[in-house]
Amino acid sequence: MNSNQPENDSAKIVNESRSEVPNGAVAAAILSAGTGCFAISLFGLLGDAFPAVSHFFNFYNPTGPLSGVTTTAIVVWLILWVILARSWKGRSLPMGKINMIAFLFLGVGLVLSFPPFSDFLQGK
Amino acid sequence: MQMSFREILTLLHGMGFGGLLLLAFSGALIQFYRIFSPHRSSPLTVWEQKLLRIYLIAMAVLAWGTVLSGAYVVYPWYRAHPPEGFTDYTGYPQRILLSSSTTAGWHSLGMEWKEHVAWFAPIALTMVAYVIIKYGSGLSRHRQVRNAAFAFALVAFIAASIAGVFGALINKNAPVQGGAVIKLMEGTK
């Protein structure tokens, strides 16, 4: 066993306190992820409620509307991530507010994904 | 002992990707505690940070593998419609479930929920992996970012659990079967 290992390890420890990272890029990732999750449920609900939307989302017939619902939501998530990351690059934003909006999208997305609730919204 | 081609791929989707992902959450929880705790005794070394990044990227890859194999390999077999006038629903799991009021809920609640909520996991885990890569163990000093990463990881776990539990129970009630039969072992009487 190498007796110098602990010294080597501690020498490799990153001195994080010296590098303050602006949170813009991370805020963009968090908010867009919340929006992406919400988009999955929203598109699923719309596809379930309107036959025309369901038909539109039928990108790949064997999988049915689920293919379009998820592909579109992923595209929305990634585009939003890129746009926000460019807009907020190098900036420091109030993470409390960003988190609150992201959690709201995530929470509403979770509730909307629950079939009894989405059925209730559709009056089924 | 034999399995059909569809059973093997369903196993790969559920136990290979999905099962491994669920197991990986326990390891992630411990690592999260190590880097998130402001009372930790020593910061992560460069090697430990690298390992954590690889671990989280692997979790995100497993999550994507689970939903993509589910939606584009297993789900088409599950939702396949039998030809007109066909009354034997063997090989048509969705039809089997919907043919009885005692099993219809496995589709109308279980599959309808699982097929959407499962996608929360790869989106959330991709974000969490990105945040950890960006901040590393320095995340312990950014409470708000840390809270967001933990909350999304928790939702990813919940989503993966919902999908995993319903997937197993649905497949128990109406198994995905069919395709070439592969003999795994010669049995003895």
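Note that residues are indexed from 1 along each chain, following the sequence as it is written. Each chain is given a letter, starting from A, and each ligand a number, starting from 1, according to the order in which they appear as written. Restriction of local features to residues with pLDDT of at least 70 applies here, the model being predicted, together with a cutoff of 80 or more for giving and counting side-chain atom pairs; totals for whole chains, interfaces and linings are based on all residues.

Turning to the overall build of chain B, a few remarks are in order. Each helix and strand counted, chain B has six helices and two strands in total. Numbering of helices and strands runs from the N terminus; a helix is a DSSP stretch of H or I covering at least four residues, while a strand is a stretch of E covering at least two. Element order for chain B, N to C, with α for helix and β for strand: β-α-α-α-α-α-α-β. In this setup the radius of gyration rests on C-alpha atoms only. A globule is expected at 2.2 Å times the number of residues raised to 0.38. Radius of gyration (C-alpha) of chain B: 20 Å, far over the 16 Å computed for a compact globule of 189 residues. Seen along its three principal axes, the alpha-carbon backbone of chain B occupies a region of about 65 × 40 × 25 Å. Counts of 20 or more other C-beta atoms within 10 Å of a residue's own C-beta define buried residues, counts of 12 or fewer define exposed ones, and intermediate counts define partly exposed ones; C-beta atoms are placed from the backbone. Looking at the 189 residues of chain B, the share that counts as buried comes to 41%.

We now examine the environment of His55(A). Along the polypeptide, His55(A) turns up in helix α3 (residues 51–56). As for His55(A) and Val76(A), which are separated by 21 residues in sequence, their C-alpha atoms are 19 Å apart.

Right, let's talk about the confidence of the model for chain A for a bit. With 83% of its residues at a pLDDT of at least 70, chain A reaches an overall mean of 88. Each residue carries a pLDDT value, the predictor's own confidence for that position, ranging from 0 to 100. Two residues qualify as a contact pair if the distance between their C-beta atoms, derived from the backbone, is within 7 Å. Contacts of residues 1–19 of chain A to residues separated by more than four positions or lying in other chains number 11 contacts, the stretch itself having pLDDT below 50.

On to the packing of helix α2 (residues 24–49) of chain A against helix α4 (residues 65–87) of chain A. Residue and element names in this part refer to chain A. To get an axis, fit a line to the C-alpha atoms, keeping to the stretch in contact for a helix; angles then go from 0 to 180 degrees between the N-to-C directions. The N-to-C vectors of α2 and α4 enclose an angle of 155°; their axes lie 8 Å apart at closest approach. Considered as vectors, α2 and α4 are oriented roughly antiparallel to each other. Handedness of the crossing formed by α2 with α4: right-handed. Three classes are used: nonpolar for Ala, Val, Leu, Ile, Met, Phe, Trp, Tyr, Cys and Pro, charged for Asp, Glu, Lys and Arg, and polar for all others, with Gly counted as polar. When the residues that make up the contact of α2 with α4 are grouped by side-chain class, the tally is 18 nonpolar, seven polar and no charged. For classification purposes, an angle smaller than 35 degrees is called roughly parallel, one larger than 145 roughly antiparallel, one from 65 to 115 roughly perpendicular, and anything else oblique. Left-handed describes a crossing whose near helix is turned anticlockwise from the far helix through less than a right angle; right-handed describes the clockwise counterpart.

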